[in-house]
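Observations on the three-dimensional arrangement
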Amino acid sequence: MTHACHRKCVPPHYKDAELSKGESVCLDRCVAKYLDVHERMGKKLTELSLQDEELLKRMQQGAGTA
């Protein structure tokens, strides 16, 4: 995230010691998007994992009754 947002928002040749307002806004938005996607992916992976567990339980129950 740090590398990707820095590469996207801060030019390779620094003009000032401090970030400009535009660079700061770009970095804020970049980090916010990254964290949002990270959270969404975590929720989706948790959901898929729970579905897999449920399917495995059903398969084990079905094999036990046969």
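Before any of the text, the structure's been laid out above.
As the structure is a prediction and not an experimental result, all values here were calculated from the model.

**Notes on the overall build of the protein**
- For the protein, the count of helices and strands is 2 helices and 0 strands.
- Its C-alpha atoms give the protein a radius of gyration of 22 Å, clearly above 11 Å, the size a compact globule of 66 residues would have.
- Expressed along its principal axes, the backbone C-alpha trace of the protein runs to roughly 75 × 15 × 10 Å.
- For the protein, with 66 residues in total, the buried portion stands at 9%.
- Carbon and sulfur atoms make up 59% of the accessible area of the protein, which totals about 6100 Å².
- Taking the average place of the 11 positive charges on the side chains of the protein and the average place of its 10 negative ones, the gap between the two points comes to 5 Å.

**Section: the nonpolar core**
- Counting 5 residues, the largest nonpolar core is built from C5, C9, V10, L27 and C30.
- For this core, the secondary-structure elements that each account for two or more residues are α1 (2-9) and α2 (21-65).
- Contact partners of C30, with chain neighbours within four places excluded, come to C5 and C9.

**Some remarks on the state of the cysteines**
- This model, assessed by the stated rule, comprises 2 disulfides.
- Two residues, C5 and C30, share a disulfide whose sulfurs are 2.0 Å apart. Handedness here is read from the sign of the S-S torsion; for C5 and C30, about -85°, the answer is left-handed. In this pair, C5 sits in helix α1 while C30 sits in helix α2, placing the two residues 25 residues apart along the sequence.
- Exposure remark for C30: the relative accessible area of 16% places this residue in the buried category.
- In this model, C9 is linked to C26 through a disulfide, with the two sulfur atoms separated by 2.0 Å. Its S-S torsion of about -65° marks the bond between C9 and C26 as left-handed, since a negative value means left-handed. Of the two residues, C9 is situated in helix α1 and C26 in helix α2; the sequence distance between them amounts to 17 residues.
- Residue classification places C9 among the buried positions, given a relative accessible area of 8%.

The rules behind each value
Residues numbered from 1 in each chain as written. Predicted model: local features only at pLDDT ≥ 70, side-chain atom pairs only at ≥ 80, totals over all residues. Heavy atoms only, no water. Helix = DSSP H or I, 4+ residues; strand = E, 2+ residues; numbered from the N terminus. Rg over C-alpha atoms; globule rule 2.2 N^0.38 Å. Buried < 20%, exposed > 50% of the residue type's maximum accessible area, 1.4 Å probe, protein only. Areas by Shrake-Rupley, 256 points an atom, 1.4 Å probe, with all protein chains shown as cover. Lys, Arg positive; Asp, Glu negative; His and termini not counted. Charge placed at Lys NZ, Arg CZ, Asp CG, Glu CD. Core = buried A, V, L, I, M, F, W, Y, C linked by side-chain atoms within 4.5 Å. Contact = heavy atoms within 4.5 Å. Disulfide = S-S within 2.5 Å.

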